[in-house]
Structure formats: structure tokens, C-alpha cells
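Residue-level structure breakdown
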Amino acid sequence: MKKQIATGQAPKAVGPYSQAVSTDGFLFVSGQIPLDPETGRMVGKTIEEQAERVFQNIRAILNEAGLDFSDVVSATVYLADIGDFAAVNEVYAGYFSEGVLPARSAIQVGALPKQAKIEISCVAQEK
């Protein structure tokens, strides 16, 4: 059985999708871009600022499901510019640095919603 996970501490879905879906012991977190959950506006001019906001949004969704970053088993990082890879890695390491690190893909895409520099989706294992 699948269950929708939603929190006001992360941006509302801007289309016909859920912030996250829980099913069969896993939480699938939809791609997050650097939107402020209160205003719905983009946050940050630099890739580091935008990445921090994305991780704050992901944290809020994980927390709503009773999880944290240590429960993440896979992450996909979408970048508008692969040249930002090293800078994003620095921010990423602040959230994933201990224990078994998640599997990860990082790819450059043609464009992201609202001209974001970064979008991240992930899958977490439920406790």
C-alpha cells in the first residue's frame, strides 16, 4: 500500500505529484529544487546556496516520514551545469558523511524547473 507524505516545511508540489510516497518499506522523495516553502520562490544565487535549500527541503520531507539522511539509500543529483559538481559535492558531504553512503548519480540536464541550478531526488529505507 502506498501513502502520500507531505509537509508544510517543504515546498508544495508544483504539479500533479507528491512530495514523497511511502511504499513497501521505502520512501521515494520527489525532486526538490531550491524553493522557499513559505513563499514558493527560488532561493539562492550561487550553487552552494541553492544546494543548501534543496537539502533543507529534503530534510523536512524525510523528517515528516520519521527518517533522516542516514536512511537515504540512493540520490540523484541533476545539475544545470556539471561544472558545479565539485561545489555541490562540498555541500552534499555535509549531509552524507558517515556510515554507508547512498548510491548516487549526478548528471547535467538541459534545464530545470524555474531555472534552478540543481534538483535532487532520493530514496530512503524506512525504519
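First things first, this report covers the structure right here in the doc. (Residues numbered from 1 in each chain as written. Predicted model: local features only at pLDDT ≥ 70, side-chain atom pairs only at ≥ 80, totals over all residues. Heavy atoms only, no water.)

**A word on the overall build of the protein**
The criterion, for reference: Put simply, DSSP marks the helices as runs of H or I at least four residues long and the strands as runs of E at least two long, and each gets a number from the N terminus on. The globule rule used here is 2.2 Å times the number of residues to the 0.38 power, and the radius of gyration it is set against is calculated over C-alpha atoms. Throughout, exposure labels follow a simple rule: accessible area from a 1.4 Å probe, protein chains only, divided by the maximum for the residue type, with under 20% read as buried, over 50% as exposed, and the rest as partly exposed. Here, two residues are considered to be in contact whenever any of their heavy atoms come within 4.5 Å of each other. In this tally Asp and Glu are treated as negative and Lys and Arg as positive; neither His nor the chain ends contributes. Charge placement uses NZ in Lys and CZ in Arg. For Asp and Glu, CG and CD serve respectively.
Across its full length, the protein holds two helices and six strands. The linear arrangement of helices and strands in the protein, starting from the amino end, is β-β-β-α-β-α-β-β. What you see for the protein is a C-alpha radius of gyration of 14 Å, in line with the 14 Å of a compact globule of 127 residues. Projected onto its principal axes, the C-alpha positions of the protein cover 40 × 35 × 20 Å. The proportion of buried residues among the 127 residues of the protein is 41%. Sequence separation of at least 24 residues holds for 69% of the intrachain contacts in the protein that already meet a minimum separation of 6. When the 11 positive and 15 negative side-chain charges of the protein are each reduced to one mean point, those points stand 7 Å apart.

**Considerations on the sheet that holds strand β3 (residues 26-32)**
So the rule is basically this: Should DSSP find at least two bridges between two strands, the strands are regarded as paired. All axes here are fitted lines through C-alpha atoms, helices being fitted over the stretch that makes contact, and every angle between N-to-C directions spans 0 to 180 degrees.
Pairing within the open sheet is mixed, and its six strands lie in the order β1-β2-β3-β6-β4-β5. Looking at strand neighbours, the two that pair on one side only are β1 (3-5) and β5 (103-108), the edges of this open sheet. Each strand of the sheet is rotated relative to its neighbour by a mean of 15°, with strand direction disregarded. Of the strand pairs in this sheet, β1 and strand β2 (residues 20-23) are connected by three bridges, and their pairing is antiparallel. Bridged to isoleucine 5 within β2 is alanine 20. Packed onto the sheet, helix α1 (residues 47-64) meets β1, β2, β3, β4 (72-79) and β6 (118-125) and runs at close to 30° relative to β6.

**Quick word on unusual backbone geometry**
Phi is positive for aspartate 24, which is not a glycine, with a value near 50°. Note on aspartate 24: relative accessible area 69%, which makes it exposed. Its identity is not glycine, yet glutamine 115 carries a phi of approximately 60°, on the positive side. Given the relative accessible area of 70%, glutamine 115 is considered exposed.

**Observations regarding the pairing of β4**
The sheet contact formed by β4 and β6 spans seven bridges and is antiparallel. By the bridge assignment for β6, valine 72 is matched with alanine 124. Across six bridges, the pairing between β4 and β5 is parallel. Within β5, the position partnered with serine 74 by the bridge is alanine 103.

**Focus on the packing of α1 against helix α2 (residues 85-93)**
Quick reminder of the rule: Each crossing gets its handedness from the near helix: less than a right angle anticlockwise from the far helix is left-handed, clockwise is right-handed. We call Asp, Glu, Lys and Arg charged. Ala, Val, Leu, Ile, Met, Phe, Trp, Tyr, Cys and Pro are nonpolar, and the rest, Gly among them, are polar.
Two elements in contact, α1 and α2, have axes whose closest approach is 9 Å; the angle formed by their N-to-C orientations is 35°. Every pair of crossing elements has a handedness; the one defined by α1 and α2 is right-handed. Mapping the contact onto sequence places Ile47, Glu48, Ala51, Glu52 and Phe55 in α1 and Ala87, Val88, Val91 and Tyr92 in α2. Counted by class, the contact of α1 with α2 contains seven nonpolar, no polar and two charged residues.

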